[in-house]
Amino acid sequence: MKKPGLIFLSLSEQAELLMKRQISSVELTSAYIKRIETLNPKLNAYITVTAEDALKSARKAQADIDSGDYKGPLHGIPFAVKDQICTKGIRTTNSSTVLGDYVPNFDATIITKLKAAGAILLGKLNLSEFASGGRFKYPYGRPRNPWNPDYEPGSSSSGSGIATATSMCSTSIGEDTSGSIRHPSSWCGVVGLRPTWGRVSRYGLFGVIWSMDQAGPISRTVEDCALTLQPIVGFDRKDPNSAKVAVPNYHKLLKGEISGTKVGVVRELIDDQMVDTEVKMATQKAIGKLEELGAEVHEVRIPLAPMARIIFYAHMYVEMPALYRDWVNNRLEEFDYDAQVKYHTGRLISAQHYYKIQRLRAELRSQVLSALNSCDVLVSPTMRVAAPLIKSFQMPRSKLDAIDTLVRGPDQTPMVPLAGVPAISFPCGFTSAEKGFMPIGLQVIGRPFCESTILNVAYTYEQNTFWHERRPEI
């Protein structure tokens, strides 16, 4: 019997029903396909929907479950993946016309692991071109915020944030180089985790910056995020940069208790004059809640934190045209105009300047790790502002305007990948109706390979608040 609201249940709730055979994977997958057909034309979360393959996989998953071969919490669960990650026999565009016809003959390791866990692939999700941030045109449809389609959904894992928030999948996979998991998670009102660099294999992932790229989950709850993370972590021989580090059971470590946990509030990221007043207030209330729940809260200083954005973009502007040199040299006009400007800019950065940026990055990492020596986690707003209205991109009018745009973007996320540490964003409030009643995210940053710690802090907060229970009315 079809259960009402099935697609709105958390992954953990769906998993329990599947395990007990109270629902079928076919039923759940069919419900999501119908939901995609209804909402995707309005929001453009998906670039490619694999409905036929998904139903075939769902029938196989259900047959295995019925026979007693239950593989775990993701068995029979429909998920979707950012179209930056290769999928065998399924078009992988990277949201670019340059790759409009590219169909890989292999699966990325992430996809292989999720399939082995019994998860059902629904399709490929929208993003900015080559995951490089803002753009002028979206060849596969402009992604729109599910809370209000006139607002930005976040970049670049926009489709992952939209699809998860609107229950067009049970959970999703995004990729975060500067903040592309946490950015749309914050603006779409869901939970997104960027693991430690090297925690998840990047084999089969179109890169941006090799020393920062990292895929991770975007889910509706922290528990779902932990369950989605579990099967994709671990060393992979196909990715020599993946880490040979023990993997804990993330779900079992969600204790819902943070008494004595040392929380450092990053002064530079909360006192920044560009942080919106309502975002700052929501962040301060969330920090107060953590303290009420037993955390030991104090302020920390990371002097280079305000420079993280410009340090990051100097890396990206140099590395992306080098990574995709042949396409940039021979097919540059096929890229979005925004990307063309970035690639030309990168070619103008001298080796001396790049060397200086590398030294600044090392010093910033040292400052972050030093702060984490005295704290279990660091906290800040995920974004300086909540989602703004969609507007046409405009080129900077002067050199000073360009510098201001680069340094003072909306995100508070680039410090994390520069330091190589994990971070999670989760809902902690909404703006006023005057500002669109849009979600606000809190960012919690942890020590290297301590994903379980930041998950538990987020889970404890979530269990004692109600923000995660709200759904966009669309």
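First, a word on what this report is: a plain description of the structure on this page. (Residues numbered from 1 in each chain as written. Predicted model: local features only at pLDDT ≥ 70, side-chain atom pairs only at ≥ 80, totals over all residues. Heavy atoms only, no water.)

### Things to note about the overall build of the protein chain
Along its length, the protein chain carries 16 helices and 11 strands. Expressed as a percentage of its 474 residues, the buried residues of the protein chain come to 61%. Carbon and sulfur atoms make up 52% of the accessible area of the protein chain, which amounts to about 18800 Å² in all. Once the 55 positive and 48 negative side-chain charges of the protein chain are each reduced to a mean point, those two points are 3 Å apart. (Helix = DSSP H or I, 4+ residues; strand = E, 2+ residues; numbered from the N terminus. Buried < 20%, exposed > 50% of the residue type's maximum accessible area, 1.4 Å probe, protein only. Areas by Shrake-Rupley, 256 points an atom, 1.4 Å probe, with all protein chains shown as cover. Lys, Arg positive; Asp, Glu negative; His and termini not counted. Charge placed at Lys NZ, Arg CZ, Asp CG, Glu CD.)

### What to know about the pattern of salt bridges
Close approach of charged atoms allows side chains of opposite charge to pair. Tallying each qualifying case throughout the model produces 23 salt bridges. With its nearest N and O atoms 3.9 Å apart, the salt bridge here joins Asp66 to Arg21. Of this pair, Asp66 sits in helix 3 (residues 51-66) while Arg21 sits in the loop between helix 1 (11-19) and helix 2 (25-43), and the two are 45 residues apart along the sequence. Overall, Arg21 belongs to the exposed group, its relative accessible area being 51%. Salt-bridge contacts for Arg301 lead to Glu268; the nearest nitrogen and oxygen are separated by 2.7 Å. With Arg301 in the loop between strand 8 (296-300) and helix 10 (308-323) and Glu268 in helix 8 (residues 267-270), this residue pair connects regions lying 33 residues apart in the sequence. (Salt bridge = Lys/Arg side-chain N within 4 Å of Asp/Glu carboxyl O.)

### Digging into the sheet that holds strand 3 (residues 120-125)
Sheet strands pair by backbone hydrogen bonding; their relative direction is either parallel or antiparallel. Judged by pairing direction, the sheet is mixed, and its 11 strands sit side by side in the order 1-3-2-4-6-5-10-11-9-7-8 without closing on themselves. Looking at the sheet topology across the chains shown, the edges are occupied by strand 1 (46-49) and strand 8. The sheet shows a mean angle of 30 degrees between the axes of neighbouring strands, taken without regard to direction. As defined by bridge partners, strand 4 (residues 171-175) adjoins strand 6 (residues 215-219) across four bridges and the pair is classed as antiparallel. From the neighbouring strand, Ser172 faces strand 6, where its bridge partner is Ile218. (Pairing = 2+ DSSP bridges. Axes fitted to C-alpha atoms, helices over the stretch in contact; angles between N-to-C directions.)

### Quick notes on the environment of Ile390
Its location among the elements puts Ile390 in the loop between strand 9 (377-381) and helix 14 (399-407). Setting aside anything within four residues of it in sequence, one finds Ile390 in contact with Arg142, Pro143, Arg144, Pro149, Asp150, Tyr151 and Glu152. (Contact = heavy atoms within 4.5 Å.)

### Quick notes on the pairing of strand 5 (residues 191-194)
Burial of strand 5 is two-sided: the residues Val191 and Leu193 facing one way and the residues Gly192 and Arg194 facing the other way are all buried. Examined bridge by bridge, strand 5 and strand 6 share two bridges and lie antiparallel to one another. Counterpart to Val191 in the pairing with strand 6 is Ser219. Here strand 5 pairs with strand 10 (residues 423-430) via three bridges, running antiparallel. Bridged to Gly192 within strand 10 is Ser425.

### A few points about the environment of Ala308
For Ala308, the location among the structural elements is in helix 10. The buried category is assigned to Ala308, whose relative accessible area is 3%. In this structure, the C-alpha to C-alpha distance between Ala308 and Met415, residues 107 residues apart in sequence, is 5.1 Å. Ignoring any residue separated from it by four or fewer positions in sequence, one finds Ala308 in contact with Leu364, Pro414, Met415 and Leu418.

### Quick look at helix 16 (residues 451-463)
The terminal C-alpha atoms of helix 16 lie 18 Å apart, and with 13 residues this matches the ideal 18 Å at 1.5 Å per residue to within 8%. Most of helix 16 sits out of view: 11 of its 13 residues are buried. Those residues of helix 16 that fall on the buried side of the exposure criterion are Glu451, Ser452, Ile454, Leu455, Asn456, Val457, Ala458, Tyr459, Thr460, Tyr461 and Glu462. (Expected span 1.5 Å × (residues − 1).)

### Section: the packing of helix 10 against helix 12 (residues 337-347)
Remark: helix 10 packs on helix 12, axes separated minimally by 8 Å, with the N-to-C direction vectors making an angle of 100 degrees. In terms of axis orientation, helix 10 runs roughly perpendicular to helix 12. Residues Met316, Tyr317, Val318, Met320 and Pro321 of helix 10 lie in contact with helix 12, whose contacting residues are Lys342, Tyr343, Thr345 and Gly346. Partitioning the contact of helix 10 with helix 12 into residue classes produces six nonpolar, two polar and one charged. (Parallel < 35°, antiparallel > 145°, perpendicular 65-115°, else oblique. Nonpolar A, V, L, I, M, F, W, Y, C, P; charged D, E, K, R; others polar.)

### Thoughts on the packing of aromatic side chains
The geometry of an aromatic ring pair is captured by the separation of the ring centres together with the interplanar angle, meaning the angle of the planes. Evaluated as defined, the whole model comprises 16 aromatic pairs. Aromatic pair Phe130 and Phe206: ring centres 6.4 Å apart, planes at 70 degrees, arrangement edge-to-face. In this pair, Phe130 is assigned in the loop between strand 3 and helix 5 (158-165) and Phe206 in the loop between strand 5 and strand 6, connecting sequence segments 76 residues apart. Under the relative-accessibility criterion, Phe130 is labelled buried at 0%. Aromatic pair Phe430 and Phe437: ring centres 4.9 Å apart, planes at 15 degrees, arrangement stacked. Note that Lys244 overlies the ring of Phe235, its terminal NZ or CZ placed 4.8 Å from the centroid. (Phe/Tyr/Trp six-rings, centres within 6.5 Å; stacked < 30°, edge-to-face > 60°. Lys NZ or Arg CZ within 6 Å of the ring centre and 35° of its normal.)

### Brief notes about the packing of helix 7 (residues 222-229) against helix 16
The geometry of helix 7 relative to helix 16 is characterised by a closest axis approach of 9 Å and an angle of 155 degrees between their N-to-C directions. Taken together, the axes of helix 7 and helix 16 are roughly antiparallel relative to one another. Residues Val222, Glu223, Cys225, Ala226 and Leu229 of helix 7 form the contact with helix 16, whose own contacting residues are Glu451, Leu455, Ala458, Tyr459 and Glu462. Class assignment for the residues of the contact of helix 7 with helix 16 results in seven nonpolar, no polar and three charged.

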